[in-house]
Amino acid sequence: IALFKQVKQIRPDLIHAHSTKAGMLARIVGYLTGTPVIFTVHGWGWRGFSKAKRALIIALERLLSRIANCSFIFVSNSVKSDGADVLGSAIDKGIVIHNGVDELKANDERRTDLIRILMPARVCAAKDHETLFRAFEKLDGEFKLVLCGHGTDSDEFVNTAKSLAPSRFENIDFLGVRNDMAELMWGSEVFALISNFEALPLSVIEAMSSGLPVVATDVGGIRELITDRENGILIETGNEQHLSEALKTLADPHTRKTYAERARTDYENHFTSQKMAQRTFDAYLDVLKRP
């Protein structure tokens with residue numbers, strides 16, 4: 001009701017919504033007020049829920065997808081494909097605009113004697129810290145694992161790490177929530193994002209912009225960012241041996257430097273915030289030109 005009143009008062013030419021809940025409310029209000037809506041889909045809301053909640057969200061999305069004055073922006077081709085599998089041709093009125101981020105300048109003086117692996121990710125169903133712990137346990141040499149994000153400093157999480165990586169436990173830092181990501185990336189040699197599912201993670205793009213080689217799970221839109229063995233390494237979901245071998249590969253300074261330079265170039269060519277903003281503005285103009 002509050003959103004409906006605001007739209008009636010402000011009378012915007014266009015509503016742009018993000019997230020599942022906001023996207024649903026915006027489409028309903030757009031329909032009631034005759035205001036065109038763009039809904040940016042960062043990931044479909046039916047993922048990771050119980051069967052009953054998933055069915056409810058899918059039913060609502062199918063109903064709302066019939067609204068004529070709504071267009072989609074998808075943050076990756078993977079997100080668009082996932083939607084097509086459920087909503088069919090209803091998502092045809094949408095385009096892919098990859099996420100972009102502001103530049104994190106590269107650090108050209110990274111260490112070679114100690115390989116610090118950074119994984120910034122909250123503890124949740126989407127992230128696969130357990131596979132990372134098991135892979136880390138298999139490593140030899142000077143590796144340190146740096147973990148940050150909500151829940152990474154909890155007793156339960158720390159105990160899980162100790163049980164899965166007992167011999168290397170002393171080489172793991174549990175930092176919890178941090179607001180100095182740029183500094184953490186500049187102080188690392190390898191960036192890791194080990195996941196069960198993803199859309200198009202901003203953290204990987206930030207790592208690319210800061211000149212970090214990336215090892216990540218081949219899920220969602222990550223392969224739209226990382227080309228295996230060119231600007232990083234992609235691994236199979238839940239495959240600790242594959243991950244361990246990838247990290248050993250990145251122990252070589254030349255390999256890290258080669259992947260990092262290519263990742264930085266790919267960021268500059270495709271994933272800057274300026275490129276995303278321009279494409280989004282063009283989408284606004286396209287919607288507003290429609291009869």
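Use the structure listed above.
Position numbers for residues start from 1 in each chain and track the written sequence from start to end. Only residues with pLDDT of 70 or above have their local features reported here, since the model is predicted, and side-chain atom pairs are shown and tallied only from 80 upward, although totals for entire chains, interfaces and linings are computed over all residues. In computing side-chain values, all of the structure's heavy atoms are included and hydrogens and water are not.

Participant: Whenever I open this one, the packing of aromatic side chains confuses me. Can you help?
Facilitator: To describe a pair of aromatic rings, you give the distance between the ring centres and the angle between the ring planes. Each Phe, Tyr or Trp ring (for Trp, its six-membered ring) is paired with any other whose centre lies within 6.5 Å, and the angle between the two planes then decides the class: stacked below 30 degrees, edge-to-face above 60, tilted in between. Under the criterion given, the structure shown has 8 aromatic pairs. Arranged with centres 4.9 Å apart and planes meeting at 5 degrees, the rings of Trp44 and Trp46 form a pair that is stacked. As far as burial versus exposure is concerned, Trp44 and Trp46 are alike and both buried. Here the aromatic rings of Phe133 and Phe157 are separated by 5.4 Å at their centres, their planes lie at 55 degrees, and the arrangement is tilted. In this pair, Phe133 is assigned in helix H5 (residues 129–137) and Phe157 in helix H6 (residues 155–164), connecting sequence segments 24 residues apart. Accessibility here uses a 1.4 Å probe with only protein chains present; expressed as a share of the type maximum, an area under 20% marks a residue as buried, one over 50% as exposed, and anything in between as partly exposed. Residue Phe157 is classed as buried on the basis of its relative accessible area, which comes to 6%. We call a charge positioned over a ring when the NZ of a Lys or the CZ of an Arg lies within 6 Å of the ring centre and within 35 degrees of the ring normal. Taking NZ or CZ as reference, Arg168 lies 4.9 Å from the ring centre of Phe136, over its face. Only runs of H or I of at least four residues qualify as helices and only runs of E of at least two qualify as strands under DSSP, and these elements are numbered from the N terminus.

Participant: How do you make sense of the pairing of strand S8 (residues 190–193) when you look at a structure like this?
Facilitator: Within a regular beta strand, the side chains point alternately toward one face of the sheet and then the other, so they alternate between its two faces. Side chains Val190 and Ala192 project from S8 onto one buried face, and the interleaved Phe191 and Leu193 project onto a second face that is buried too. If DSSP finds at least two bridges between two strands, the strands pair. As defined by bridge partners, strand S5 (residues 115–120) adjoins S8 across 2 bridges and the pair is classed as parallel. Each bridged residue has a counterpart across the sheet, and for Leu118 the counterpart in S8 is Phe191. Read as a crossover between parallel neighbours, the route from S8 over helix H8 (residues 202–209) to strand S9 (residues 214–217) is right-handed. Throughout, right-handed denotes a crossover for which the path from the first strand over the helix to the second runs clockwise when the strands point away from the viewer.

Participant: For this particular structure, what's the right way to read the nonpolar core?
Facilitator: It is characteristic of soluble globular proteins that their nonpolar side chains tend to be buried jointly. Trp44, Ile117, Phe133, Met208 and Val215 are the most contacted members of the largest nonpolar core, which totals 82 residues. Among the elements that take part in this core, strand S6 (residues 143–148) stands out by supplying 5 residues, more than any other. Throughout this description, the term nonpolar core refers to a set of buried Ala, Val, Leu, Ile, Met, Phe, Trp, Tyr and Cys residues connected via side-chain atoms within 4.5 Å. Counting 6 residues, the second-largest nonpolar core is a separate cluster that includes Leu14, Ile38, Ile73 and Ile97.

Participant: Just to check I follow, could you spell out a nonpolar patch on the surface for this structure?
Facilitator: Taken together, the side chains of Phe4, Ile28, Tyr31 and Leu32 define a hydrophobic patch exposed on the protein surface, amounting to about 410 Å² of accessible area. Considering each element in turn, the nonpolar patch owes the most residues, 3 residues, to helix H2 (residues 20–33). Mapping Tyr31 onto the fold places it in helix H2. The class of Tyr31 is exposed, set by a relative accessible area of 58%. Candidate patch residues must exceed 30% relative accessible area and have no salt bridge, after which like charges are joined if within 9 Å and Val, Leu, Ile, Met, Phe, Trp or Tyr side chains if within 5 Å. All accessible-area figures derive from a Shrake-Rupley calculation using a 1.4 Å probe, and residue coverage is judged against the displayed protein chains alone. A pair is scored as a salt bridge if a Lys or Arg side-chain nitrogen falls within 4 Å of a carboxyl oxygen belonging to Asp or Glu.

Participant: Teacher, can you tell me more about the layout of surface pockets here?
Facilitator: A water-sized probe rolled over the atoms picks out the places where empty space is left. Grid spacing is 1 Å over the protein atoms alone, the probe is 1.4 Å, and a cavity is where that probe fits but cannot get out, while a pocket is an open set with protein on both sides within 12 Å along at least five of seven lines and lining residues have an atom within 4 Å of a point. Grid points are joined across faces, edges and corners, and a volume is the space filled by probe spheres set on the points. Quantified by volume, the largest pocket comes out at close to 770 Å³. Around the largest pocket, the lining is made up of 30 residues, and of these His42, Arg47, Arg122, Lys127 and Glu198 lie nearest the centre. For the lining of the largest pocket, a count of residues per class yields 16 nonpolar, 9 polar and 5 charged. Classes in brief: Ala, Val, Leu, Ile, Met, Phe, Trp, Tyr, Cys and Pro nonpolar; Asp, Glu, Lys and Arg charged; the others, Gly included, polar.

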